[in-house]
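Examination of the molecular architecture
Residue strings, one per chain:
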Amino acid sequence: MSFRLSRPRARERLWLLALAASAASFAASFAAAETVPVTLAEVQREALREQTMLSGTTVAPRRAALSPKVDGLVTELFVDEGSLVEQGDPILTLDDRLEAHTVDAAAARVQEAEANHRDAVRIRDELLRLKQGRHASETDIRSAEARVDIAAAALAAERAALASAEEIRRRHRLAAPFAGMIVAREVEVGEWAKRDEAAVELVALDRLRIRATLPQADYTRVSRGATAEVRFDALPQQTFSGKVFARVAAGDARSRTFPVLIDLPNPERRLAPGMSARVRVDLNGAEDSVLTVPRDAVVAKADGSREVWRVREEDGILKAYPVSVETGRANGDRLEILSGDLADGDRLVLLGNESLRPGQSIAPQPAPPRVDSAETAAKEPTSVSTSSQAQAVKSTTLP
């Protein structure tokens, strides 16, 4: 059985639909007509140095497998895997009771040697006084002086023996040679530690090194000390700055690539060895002419993409429309545009772009006082692009 709407009811349904469409159109027109005060800036063309994009892995330039200098039974263990230590902090202690007795005995012999030396000096001095009254022979005086020398030599030998015993006792304690993190522990209290087997492994974290692969075409264009911008998958919203430490002249014959080492400060220990890194390194040679925009004009979206709001004039009214962009290198408080429908001189919304809607009317306002570019760069990290099709940046795809 089928039912049909009566004519009055059908006309009522059509009227409601038309009313809803009219209301939606009115709301959109009202939203577009709402004027938002903003500050404007311009797209500019600037000269930036050519760069190459590399991939690499962080390694620790200081890594040590530590073992005690003598064999012994572990009596104290002050660290565990993951412990942070400073230079000189204790790591473990071996049983040194026998060495303690050896030190005590050596100290007693030193006291005896000091007493013998004092007595020999006293006898020599008495004979020298007697010699003035012609009551001591030259032979007695020479013998007394010889006994003083013998006592002095014996005292020096005993002091050396004491120092040796103390050093052996000190070698029953293992301390950190530099600050870092314990990444492996191979002994436990009560175990016998050997001097030729690592007890713990220590890694320095205050400075890391990135080992990346450099194509042979760029080998001569990367110099020691060149600036490198680094981004990590573990911290995708941050950019770190490092310096090229060296190019290693040991290439891979199959891939025709060479290792390049980049030093990276890590004072807060946020980075760790083994992290994957994407590195953008400055190349020697001429500079590129690229489009740049102010940092504040770039809006980062929740999905990781970025956009700017370009201004257009329509019937004498300024309106803003979003344009998706991909950013690259930084030049002070401006960012390079790798991709996006922008041209030199385009006007963008600098401040007030957080809540704009496409086609919304805007009212330009005077620009606020200029913030120093170095301060701005320190507050907001640079976005590093991974696009291999950017014309302004030379990107290298590694095997």
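The structure we're discussing is the one just above.
Heads up: these notes are all about the structure in this document. (Residues numbered from 1 in each chain as written. Predicted model: local features only at pLDDT ≥ 70, side-chain atom pairs only at ≥ 80, totals over all residues. Heavy atoms only, no water.)

1. Describing the overall build of the protein
In terms of helices and strands, the protein carries four helices and 22 strands. In the protein, which comprises 399 residues, the proportion classed as buried is 37%. For the protein, restricting intrachain contacts to residue pairs at least 6 apart in sequence, the fraction spanning at least 24 positions comes to 77%. (Helix = DSSP H or I, 4+ residues; strand = E, 2+ residues; numbered from the N terminus. Buried < 20%, exposed > 50% of the residue type's maximum accessible area, 1.4 Å probe, protein only. Contact = heavy atoms within 4.5 Å.)

2. With respect to helix α2 (residues 97–132)
Its 36 residues place the ends of α2 54 Å apart at the C-alpha level, agreeing with the 52 Å of an ideal helix rising 1.5 Å per residue. Regarding α2, the residues found buried are Glu 99, Ala 100, Val 103, Ala 106, Val 110, Ala 113, Ala 120 and Leu 127. Where α2 is buried, its residues meet α3 (138–170). (Expected span 1.5 Å × (residues − 1).)

3. Quick look at the pattern of salt bridges
Enumeration over the complete set of coordinates arrives at 25 salt bridges. As a salt-bridge pair, Asp 263 and Arg 207 come within 3.3 Å of each other at their nearest N and O atoms. Of this pair, Asp 263 sits in strand β14 (residues 257–265) while Arg 207 sits in strand β11 (residues 207–215), and the two are 56 residues apart along the sequence. Residue classification places Asp 263 among the buried residues on the basis of a relative accessible area of 15%. For Arg 207, a relative accessible area of 32% puts it in the partly exposed group. (Salt bridge = Lys/Arg side-chain N within 4 Å of Asp/Glu carboxyl O.)

4. Describing the side chain of Asp 263
Among the polar contacts listed, one links the side chain of Asp 263 to the side chain of Arg 207, at a separation of 3.3 Å. Here the side chain of Asp 263 touches Arg 209 through a polar contact of 2.7 Å, side chain to side chain. Discounting chain neighbours no more than four positions away, the residues touching Asp 263 are Arg 207, Leu 208, Arg 209, Gly 242, Lys 243 and Phe 245. (Polar contact = N/O pair within 3.5 Å; in protein donor to acceptor, adjacent residues only side chain to side chain.)

5. Comments concerning the packing of aromatic side chains
Within the structure shown, the criterion is met by two aromatic pairs. Between Tyr 219 and Phe 258, the aromatic rings sit 4.7 Å apart at their centres with planes inclined by 45°, giving tilted as the arrangement. Here Phe 258 lies in strand β14 and Tyr 219 lies in the loop between β11 and β12 (227–232), a separation of 39 residues in the sequence. Both rings, one in Phe 232 and one in Phe 240, keep their centres 5.6 Å apart while their planes meet at 75°; by these two values the pair is edge-to-face. Taken as a pair, Phe 232 and Phe 240 share a single burial class, namely buried. (Phe/Tyr/Trp six-rings, centres within 6.5 Å; stacked < 30°, edge-to-face > 60°.)

6. Section: the sheet that holds strand β4 (residues 72–77)
As summarised here, the arrangement of the four strands in space is β7-β6-β4-β9, forming an open sheet in which the pairing is antiparallel. Taken across any chain shown, the strands that pair with only one partner, and hence form the sheet edges, are β7 (173–175) and β9 (192–193). (Pairing = 2+ DSSP bridges.)

7. A few points about the nonpolar core
Grouped together as the largest cluster of nonpolar side chains are 25 residues, with contacts concentrated most on Ile 210, Val 230, Phe 232, Val 279 and Val 281. Apart from residues no more than four positions distant in its own chain, Val 230 is found in contact with Ile 210, Gln 238, Thr 239, Phe 240, Leu 264, Ala 277, Arg 278 and Val 279. Membership of the second largest hydrophobic core comes to 20 residues, among which are Val 74, Leu 174, Ile 182 and Val 187. (Core = buried A, V, L, I, M, F, W, Y, C linked by side-chain atoms within 4.5 Å.)

8. Section: the environment of Pro 90
Residue placement: Pro 90 occurs in strand β6 (residues 90–94). Note: C-alpha distance between Pro 90 and Arg 173 (83 residues apart in sequence) is 7.3 Å. If we skip the residues at most four places from it in the chain, Pro 90 touches Phe 78, Val 79, Leu 174 and Ala 175.

9. Focus: the side chain of Gln 360
Turning to its location among the elements, Gln 360 is positioned in strand β21 (residues 360–364). Residue Gln 360 is classed as buried on the basis of its relative accessible area of 2%. Within the structure, Gln 360 has its side chain in polar contact with the backbone nitrogen of Arg 357 (distance 2.9 Å).

10. Observations concerning the packing of α2 against α3
Interaxial distance between α2 and α3 falls to 8 Å at its minimum, and their mutual angle equals 165°. Here α3 runs roughly antiparallel to α2, going by the angle between their axes. For α2 against α3, the interelement crossing comes out left-handed. (Axes fitted to C-alpha atoms, helices over the stretch in contact; angles between N-to-C directions. Parallel < 35°, antiparallel > 145°, perpendicular 65-115°, else oblique. Left-handed = near helix turned anticlockwise from the far one by under 90°.)

11. Re the environment of Leu 98
Relative to the assigned elements, Leu 98 resides in helix α2. Residues Leu 98 and Arg 169, 71 residues apart in the sequence, show an inter-C-alpha distance of 8.9 Å.

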